[in-house]
Amino acid sequence: MERNEPLAPENGVRERRGIQSIEVGGALLAALEAHGAPMMLRDLAAAAGMSPAKAHPYLVSFGKLGLVEQDPLTGRYKLGPFALRLGLTALQGLNPLRAAVEVSARLADETEQNVAIAVWGNVGATVVAIEESARAIHVNMRPGTVMGLLTTATGRVFAAWLPARLTRPLIERELERLSGGREPLRLSRSFVNETLEEVRRHGMARVLGHPIPGINAFSAPVFDAFGHLTLALTMLGPESRFDASWEGPLAQAMRRAVADITARIGGKPPQAEETAGAVPSKEPAA
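Being a predicted model, the structure only gives us computed values, none of them experimental. (Residues numbered from 1 in each chain as written. Predicted model: local features only at pLDDT ≥ 70, side-chain atom pairs only at ≥ 80, totals over all residues. Heavy atoms only, no water.)

In this section: the packing of helix H6 (residues 153–161) against helix H8 (residues 189–202). Taken N-terminus to C-terminus, the directions of H6 and H8 make an angle of 90°; their axes are 9 Å apart at the nearest point. Regarding the angle of H6 to H8, the classification is roughly perpendicular. From H6, Arg156, Ala159, Ala160 and Trp161 reach across to H8, where they touch Thr195, Leu196, Val199 and Arg200. (Axes fitted to C-alpha atoms, helices over the stretch in contact; angles between N-to-C directions. Helix = DSSP H or I, 4+ residues; strand = E, 2+ residues; numbered from the N terminus. Parallel < 35°, antiparallel > 145°, perpendicular 65-115°, else oblique. Contact = heavy atoms within 4.5 Å.)

The predicted model of the chain has a mean per-residue pLDDT of 83, with 84% of residues at 70 or higher. The low-confidence segment residues 1–13 (pLDDT under 50) makes 21 contacts with residues lying over four places distant or belonging to another chain. Confidence drops under pLDDT 50 across residues 273–286; counting only partners more than four residues distant or on other chains, this segment forms 37 contacts. (pLDDT = per-residue confidence, 0-100.)

A few words on the sheet that holds strand S4 (residues 124–131). The strands making up a sheet associate through backbone hydrogen bonding, with each pair oriented either parallel or antiparallel. Strands sit in the order S5-S4-S3-S8-S7-S6 across an open sheet of six strands; the sheet is antiparallel. The open sheet has two edge strands with one neighbour each: strand S5 (146–147) and strand S6 (205–208). As judged from the seven bridges shared by strand S3 (residues 114–121) and S4, these two strands associate in the antiparallel manner. Looking at S4, one finds that Gly121 is bridged to Gly124. Across the face of the sheet, helix H5 (residues 96–111) comes into contact with S3, S4 and strand S8 (229–238) while running at roughly 20° to S8. Here helix H9 (residues 249–264) sits on the sheet and contacts strand S7 (215–223) and S8; the angle it forms with S7, its principal contact strand, is near 25°. (Pairing = 2+ DSSP bridges.)

This part covers the pattern of salt bridges. As enumerated under the stated definition, the model contains seven salt bridges in all. Note that Asp260 is salt-bridged to Arg106, the shortest N-O span being 2.7 Å. On the criterion of sequence distance, the pair formed by Asp260 in helix H9 and Arg106 in helix H5 is long-range, its members being 154 residues apart. A salt bridge links Arg255 to Glu247; the nearest nitrogen and oxygen atoms lie 3.8 Å apart. (Salt bridge = Lys/Arg side-chain N within 4 Å of Asp/Glu carboxyl O.)

Taken across its 10 residues, S8 has nine buried, putting it largely inside the fold. Strand direction decides the pairing type here: S7 and S8, joined by nine bridges, are antiparallel. Residue Phe223 lies in a different strand from S8, and its bridge partner there is Leu229. Linking two consecutive strands that pair antiparallel, namely S7 and S8, is a turn of five residues; a positive phi of about 80° is found at Gly227 within it. (Buried < 20%, exposed > 50% of the residue type's maximum accessible area, 1.4 Å probe, protein only.)

The packing of two helices is summarised by the inter-axis angle and the distance between the axes. Relative to each other, helix H1 (residues 20–35) and helix H3 (residues 52–65) sit at 85°, their axes nearing to 10 Å. Overall, the two elements H1 and H3 adopt an arrangement that is roughly perpendicular. Contacts from Ser21, Val24, Gly25, Gly26, Leu28 and Leu29 of H1 reach H3 at Lys54, Ala55, Tyr58, Leu59 and Phe62. In the contact of H1 with H3, the residues fall into seven nonpolar, three polar and one charged. (Nonpolar A, V, L, I, M, F, W, Y, C, P; charged D, E, K, R; others polar.)

Backbone geometry places Glu112, a non-glycine residue, at a positive phi of 60°. Relative to the helices and strands, Glu112 resides in the loop between H5 and S3.

If you trace the backbone, Thr111 turns up in helix H5. A polar contact is formed between the side chain of Thr111 and the backbone oxygen of Leu107, at a distance of 2.8 Å. Each residue touching Thr111, except ones within four places of it in the same chain, is listed here: Met235, Leu250 and Ala253. (Polar contact = N/O pair within 3.5 Å; in protein donor to acceptor, adjacent residues only side chain to side chain.)

Where burial is concerned, most of S7 is hidden: nine out of the nine residues are buried. Both faces of S7 are covered, namely the face carrying Ile215, Ala217, Ser219, Pro221 and Phe223 and the face carrying Asn216, Phe218, Ala220 and Val222. Bridge count for S6 against S7 is four bridges, and the pairing is antiparallel. Within S7, the residue paired with Arg206 across the bridge is Phe218. The loop that links S6 with its antiparallel partner S7 comprises six residues; one of these, Gly209, has a positive phi angle of about 70°.

Next up on the list: H5. Between its first and last C-alpha atoms H5 spans 22 Å; for 16 residues at 1.5 Å apiece the expected length is 22 Å, and the two agree. Taken together, the buried positions of H5 are Ala99, Ala100, Val103, Ser104, Leu107, Ala108 and Thr111. Buried residues along H5 cover an arc of 160° about the axis, so they all sit on one side. Turned more than 90 degrees off the buried face of H5, the exposed positions are Arg98 and Asp109. Here the buried face of H5 lies against S3, S4, S8 and H9. Once H5 ends, the next one or two residues include Glu112, with phi positive near 60°. (Expected span 1.5 Å × (residues − 1). Arc of directions from axis to C-beta.)

Here's what the structure looks like:
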């Protein structure tokens, strides 16, 4: 049978017909993408849940289209040049900010907290959009606000995952300012490094009542297809109704939101060695 029969789900909406053979063969392409390296026919077929004899004709057709290619020396299959062009075209059409705006609106409704989106601008971590919850939360933040890299959850996300060459000059200036007695908070370089390591370990940043008294916040990263930080999603609200535990419902909602955005833009987390380096120690370590 070449076509799937239409289904009649319980909600009465009939599923649109598809071509079953394309869906079956697509499992081979999905297996190649998931494996990330050339595969022997037997391994590829097993990963797609079919026999090698069944998989081979699909691979021949995919090869003619340029979706896969076979190494003549090893016999292994990998994604072909047409698959690459399809991927590049899809990447060019992605809009991370649009995806984030859609998800942030849903997150604000779900959690009844304010949600902000920030990107890296020419002066640092910059808020570009804010989704306010139905419950009034008085926070002095608006599009264009530049967030401190050390004192805000948003800034800590960028400090943790952007290359050190971008963030270190700003971190050094912020450390100097905070150690000069003009701010109530004094940070040591060792504290900064420990804090950023905590951010990476939990996959998000958290601040409790600072820099805005009585306001807690989570901020989490969204990565692009190359594992590069593209934006940060930040949830903030009054500490009286903001569960700031790392595994609480708000943290879990935040993780689901950034995972959704990342999936929509074809993103992936960076490798461990790609993360930003530590802030070098100096004396005095104020």
